[in-house]
Amino acid sequence: MHSELIYETLCELLIKRGYSKNIKDNLCTHKDFICKGLFLDTEKGNILKLSHDGKILRCSHGTRMMDKAEIISVYGQDLQWEHFEEAIGCVKFHGEEYKYRLFETYFDIPAIVCCARIVDVLDEENGGPHDKYDFFKDVYDAIGDFYFPPSEGEEGLLFEGVRKKPEKYLQPCSNGVKDWLMELKGDNRVVFLMTSSKNRYAEMVLETVLGSDWKNYFDIYITYAKKTGGFFTKNEKFKEKEVTGKEVDSLEPKKTYSGGNYTDLKTFLEKQTKKSDPKVVYFGDCLCSDSFPAKVYGNWDVVLVLEEMEAEGYHPGLKDVLEPKRKVPKHEVDLYIDPEEEQYILSEGWGSFFYHEEEDPKHDKHMNTYWGRIISQYNAIAVPTVEYIAGMPINHRYKKFKESEVGNTDGFYPGKPKPLLSDI
């Protein structure tokens, strides 16, 4: 699992920075504490789950879950979080002056346990909670060293860890997805790959997942695209290579580029499709770095790949509910989800990613968590894995989320997650 590699490495980096060895624990004992979409209130040492309108639904201090009375004593009777307007307005990984940090990808959520354990240890050493915590900048720097070290030519510790045993961390995709990718390239469509990962790591992943001929599936390849760092809003030039490559003014098919900007990519797409402002359907699995910038700045239709749909709702005994009269897949696909991976997705302590029953007095089963609001506002549809789309004809029409309706659930395919079903 990526989670164990990430957690253990981050702990070691922080211990080297002077933190107690006691911050490192057996991650398996904290599986239920790990949950995507939580916020760290950096100065209070608290970890929060938020509603769609900024109310604190659940909260822990370090790894210790707080009851409602204690939460009210810290945040007030209305339980409104002071940084919510900033968090809902910009959907960035961290707030101004690092007052908060959200954890929304499976690459960073193990850091939640690191932060919580630091609070536990600091409180133990202090004989009680601190008035204010200032450790997060060290965690932030450790995450940076892990993924994007300061030297531009370095790949980071994640690359080294995965490179040793790629089969342990990466799962090859089905032939159905490969057939689907090739079919997408028909009718004058352009298929481009864009990733925030650096080139060597991206190529290792793609070769493991798609095979040594992975370049045949795409018309252009963009690595180290700073999707939350200005790709859509700034004018950084594309480079032929990450370190020594020269900057380029225009893009050519079947080449790999690094960095870049939205305007030059759009020009390339217009040239290849011979259409002005061509329609883009973008597949991503991160609401923060994929969905928000692609929709807001690129006006792309986003297909969100959301594993929580599978983990929370696609279970034996619910198939008929979640896949009503599903059409026969056009391609042979693999819909398997790893049981161990599922344990890191589901959390009884934090509850559903989509829904919080106590905040639904009307029982209308709309998404009422912070991330439920983001899902419906910035995505066209959401699927558990790409395999679900690959199994359908390209011209299949999907029902989309209504972005004007907070928490709308229309865009889930092949069906709504279990917590959003009124008859379950």
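Let me begin by describing the structure that accompanies this report. (Residues numbered from 1 in each chain as written. Predicted model: local features only at pLDDT ≥ 70, side-chain atom pairs only at ≥ 80, totals over all residues. Heavy atoms only, no water.)

**Re the overall build of the chain**
Next, step 1: In terms of regular secondary structure, the chain is built from 16 helices and 13 strands.
Next, step 2: Counting the 424 residues in the chain, one finds 55% classified as buried.
Next, step 3: With an accessible surface of roughly 20,100 Å², the chain has 47% of that area assigned to carbon and sulfur atoms. (Helix = DSSP H or I, 4+ residues; strand = E, 2+ residues; numbered from the N terminus. Buried < 20%, exposed > 50% of the residue type's maximum accessible area, 1.4 Å probe, protein only. Areas by Shrake-Rupley, 256 points an atom, 1.4 Å probe, with all protein chains shown as cover.)

**What to know about helix α10 (residues 262-273)**
Next, step 1: The end-to-end C-alpha distance of α10, which contains twelve residues, comes to 16 Å, matching closely the 16 Å that a straight helix rising 1.5 Å per residue would cover.
Next, step 2: All buried positions along α10 are accounted for by Tyr262, Asp264, Leu265, Phe268, Leu269 and Thr273. Seen from one end, α10 has its buried residues packed into an arc of 165°, which puts them on one side.
Next, step 3: Along its buried surface, α10 packs onto β6 (192-194), β7 (220-223) and β8 (238-239).
Next, step 4: Two or three places before Thr263, at the start of α10, stands the capping residue Asn261, its side-chain oxygen 3.1 Å from that residue's backbone nitrogen.
Next, step 5: Looking one or two places after α10, you find Lys274, whose phi comes out positive at around 60°. (Expected span 1.5 Å × (residues − 1). Arc of directions from axis to C-beta. Contact = heavy atoms within 4.5 Å. Polar contact = N/O pair within 3.5 Å; in protein donor to acceptor, adjacent residues only side chain to side chain.)

**Quick look at the sheet that holds β7**
Next, step 1: Read across the open sheet, the five strands follow the order β6-β7-β10-β8-β9; overall the sheet is mixed. Either end of the sheet is taken by a strand with one partner, and the two such strands are β6 and β9 (247-248).
Next, step 2: By the bridge criterion, three bridges tie β7 to strand β10 (residues 256-259) in an arrangement that is parallel. By the bridge assignment, Thr223 is partnered in β10 with Ser258.
Next, step 3: α10 rests against β6, β7 and β8 of the sheet, and its axis sits at about 170° to β6. (Pairing = 2+ DSSP bridges. Axes fitted to C-alpha atoms, helices over the stretch in contact; angles between N-to-C directions.)

**Considering the pattern of salt bridges**
Think of it this way: side chains of opposite charge can pair up when their charged atoms draw near.
Next, step 1: Here the structure, examined in full by the defined rule, presents 22 salt bridges.
Next, step 2: We note a salt bridge from Lys226 to Glu236, for which the minimum N-O separation is 3.5 Å. Linking Lys226 in the loop between β7 and β8 with Glu236 in the loop between β7 and β8, this pair joins segments that are ten residues apart in sequence. (Salt bridge = Lys/Arg side-chain N within 4 Å of Asp/Glu carboxyl O.)

**Thoughts on the nonpolar core**
Next, step 1: Among the nonpolar cores identified, the biggest contains 48 residues, and Leu10, Leu14, Ile47, Phe103, Phe135, Val139 and Val162 are the most heavily contacted of them.
Next, step 2: Residue assignment for this core shows that the elements contributing at least two residues are α1 (2-16), β1 (38-41), α4 (110-126), α5 (136-147), α6 (157-164) and α9 (199-210).
Next, step 3: With nine residues, α4 is the single largest residue contributor to this core.
Next, step 4: If we ignore the near neighbours within four places in the chain, the residues touching Val162 are His2, Leu5, Tyr169, Leu170, Tyr201 and Met204.
Next, step 5: Listed in part, the 39 residues of the second largest apolar core include Leu48, Val91, Trp371 and Leu420. (Core = buried A, V, L, I, M, F, W, Y, C linked by side-chain atoms within 4.5 Å.)

**A look at the sheet that holds strand β4 (residues 64-65)**
Within a beta sheet, neighbouring strands are joined by backbone hydrogen bonds and run either parallel or antiparallel to one another.
Next, step 1: Read from one edge of the open sheet, five strands run β4-β3-β2-β1-β5, paired in antiparallel fashion. Of all strands in the sheet, those with a lone pairing partner are β4 and β5 (100-103), marking the two edges.
Next, step 2: Pairing of β1 with strand β2 (residues 46-50) involves three bridges; the strand directions are antiparallel. When the bridges of β2 are listed, Phe39 appears paired with Leu48.

**Digging into unusual backbone geometry**
Next, step 1: Cis peptide bonds are those with omega within 30 degrees of zero, and the linkage from Tyr413 to Pro414 qualifies with 10°.
Next, step 2: The topology assignment puts Pro414 in the segment after α16 (386-390).
Next, step 3: Phi is positive for Lys274, close to 60°, though the residue is something other than glycine.
Next, step 4: Here Lys274 is to be found in the loop between α10 and β11 (281-284).

**Here we look at the packing of aromatic side chains**
Two descriptors summarise a pair of aromatic rings, namely the distance from one centre to the other and the angle between the planes of the rings.
Next, step 1: Under the counting rule described, the total for this entry stands at 29 aromatic pairs.
Next, step 2: With a centroid separation of 5.3 Å and an interplanar angle of 50°, the aromatic rings of Tyr282 and Trp300 are classed as tilted. Taken together, the residues Tyr282 in strand β11 and Trp300 in the loop between α11 (287-296) and β12 (301-305) connect sequence positions 18 residues apart. For the pair shown, Tyr282 and Trp300 are each scored as buried.
Next, step 3: Relative to Tyr297, the ring of Phe292 has its centre 6.2 Å away and its plane inclined at 90°; by these criteria the two rings are edge-to-face. (Phe/Tyr/Trp six-rings, centres within 6.5 Å; stacked < 30°, edge-to-face > 60°.)

**Let's talk about the pairing of β12**
Next, step 1: Along β12, five of the five residues are buried, which leaves the element largely enclosed by surrounding structure.
Next, step 2: Both faces of β12 are covered, namely the face carrying Asp301, Val303 and Val305 and the face carrying Val302 and Leu304.
Next, step 3: Each parallel crossover has a hand, and the one from β11 via α11 to β12 is right-handed.
Next, step 4: Bridge analysis of β12 against strand β13 (residues 381-383) gives three bridges, and the strand direction is parallel. Looking at β13, one finds that Val303 is bridged to Ile381. (Right-handed = clockwise from strand over helix to strand, strands pointing away.)

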